[in-house]
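These are the residues of each chain, in order.
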Amino acid sequence: MNVVILLYENMTLLDAIGPYEVLRCVPGFDVRFVSVDGGAIRPDSQALALQPTAAIESVTAADVLVVPGGPGDAGVRTDERILSWLRAIDATTQRTTSVCTGSLILAAAGLLQGRQATTHWMAHDQLAALGARPSEQRVVADGKYVTAAGVSAGIDMALSLLGQLVGDEVAQAVQLAIEYDPQPPYDAGSPRKAPAAAVDLVQAAAAGMF
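Every value quoted in this text rests on a predicted model; they were computed, and no experiment measured them. (Residues numbered from 1 in each chain as written. Predicted model: local features only at pLDDT ≥ 70, side-chain atom pairs only at ≥ 80, totals over all residues. Heavy atoms only, no water.)

(A) Layout of the packing of helix H1 (residues 13–23) against helix H6 (residues 153–166). Put simply, H1 and H6 touch, their axes get as near as 8 Å, and they point 35° apart. Once H1 is placed against H6, the crossing between them reads as right-handed. Together, Gly 18, Pro 19, Val 22 and Leu 23 of H1 and Gly 154, Ile 155, Met 157, Ala 158, Leu 159, Leu 161 and Leu 162 of H6 make up the contact between the two elements. Here the contact of H1 with H6 is composed, by residue class, of nine nonpolar, two polar and no charged. (Axes fitted to C-alpha atoms, helices over the stretch in contact; angles between N-to-C directions. Helix = DSSP H or I, 4+ residues; strand = E, 2+ residues; numbered from the N terminus. Left-handed = near helix turned anticlockwise from the far one by under 90°. Contact = heavy atoms within 4.5 Å. Nonpolar A, V, L, I, M, F, W, Y, C, P; charged D, E, K, R; others polar.)

Okay, structure coming up:
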């Protein structure tokens, strides 16, 4: 199973690394990172650099495509070189997936037109403007397209993907192997549940990002 994860400047690190840590656990899954020119990229934290294994032009097919989100998605959405590559790879995939605002990139490439999808809760309006039908679900599957809500939801998406591709038993074994047993100290992981003050704080901090 060939898995390709797109990297780009100012993406959110966990959007890519969360699914990677899940998918790499399965024997026979070859997980590769790619960037436009094959060069290193810096995520939005700017704390480190990520070195992909290939440039996008050297990858012409994939069984699974993963597109992360992050502040840099706006630039990707207008980069026809990347969008054309995404459309070409999508024609070969069993599953085309995204995390957070990665779905905005897929939608900008025309891949989510009329489809149900999700993204970060602050970007639902943008997703709708790009032709998709936003959902508040954490993980949404519509045909071969599997999209995840913000950041940490990429882990859930990848486990759901494994269930679809190789069965529940393997997916459950991977969940156990990485000890993914969320027990957060607060029940504030969704704007529907978080205190209004927390929602206001996040929206103020993210002003101009969405």
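(B) Inspection of the pattern of salt bridges at higher detail. According to the stated counting rule, one finds 10 salt bridges in the structure shown. Asp 37 is paired through a salt bridge with Arg 81; the nearest N and O atoms lie 3.0 Å apart. Note that Asp 37 is positioned in the loop between strand S2 (30–35) and strand S3 (54–55) and Arg 81 in helix H3 (residues 80–90), a separation of 44 residues in sequence. We classify Asp 37 as exposed; its relative accessible area is 58%. Asp 142 is paired through a salt bridge with Arg 115; the nearest N and O atoms lie 3.1 Å apart. In this pair, Asp 142 sits in strand S8 (residues 139–142) while Arg 115 sits in the loop between helix H4 (102–108) and strand S6 (116–117), placing the two residues 27 residues apart along the sequence. Each of Asp 37, Glu 57 and Arg 81 takes part in a single network of salt bridges with overlapping partners. (Salt bridge = Lys/Arg side-chain N within 4 Å of Asp/Glu carboxyl O. Buried < 20%, exposed > 50% of the residue type's maximum accessible area, 1.4 Å probe, protein only.)

(C) Highlighting unusual backbone geometry. Notably, Asn 10 is not glycine yet its phi reads approximately 65°, a positive angle. By the element assignment, Asn 10 lies in the loop between strand S1 (2–6) and H1. Positive phi is not limited to glycine here, since Glu 179 has a value of about 50°. Of note, Glu 179 is situated in the loop between helix H7 (168–177) and helix H8 (196–205). A relative accessible area of 69% places Glu 179 in the exposed class.

(D) A look at the side chain of Thr 96. As for its placement among the helices and strands, Thr 96 is situated in strand S5 (residues 95–99). For Thr 96, a relative accessible area of 0% translates into the label buried. Side-chain polar atoms of Thr 96 contact the side chain of Thr 93, separated by 2.8 Å. Every residue in contact with Thr 96, bar those within four places of it in the chain, is listed here: Leu 65, Asp 90, Leu 106, Lys 144, Tyr 145 and Val 146. (Polar contact = N/O pair within 3.5 Å; in protein donor to acceptor, adjacent residues only side chain to side chain.)

(E) Region of the structure containing the nonpolar core. One finds Leu 6, Leu 23, Trp 85 and Leu 86 to be the most contacted residues of the largest nonpolar core, which totals 60 residues. Looking at this core, the element that brings in the most residues is H6, giving eight residues. The residues contacting Leu 86, other than those within four sequence positions of it, are Leu 6, Leu 65, Val 67, Ile 105 and Leu 111. (Core = buried A, V, L, I, M, F, W, Y, C linked by side-chain atoms within 4.5 Å.)

(F) Seen up close, the packing of H6 against H7. Between H6 and H7, whose axes approach to 7 Å, the crossing angle comes to 150°. Helix-helix and strand crossings are classified by hand; for H6 and H7 the assignment is right-handed. The residues of H7 that touch H6, namely those facing Leu 159, Leu 162, Gly 163 and Val 166, are Asp 168, Val 170, Ala 171, Val 174 and Gln 175. Within the contact of H6 with H7, the residues separate by chemical class into six nonpolar, two polar and one charged.

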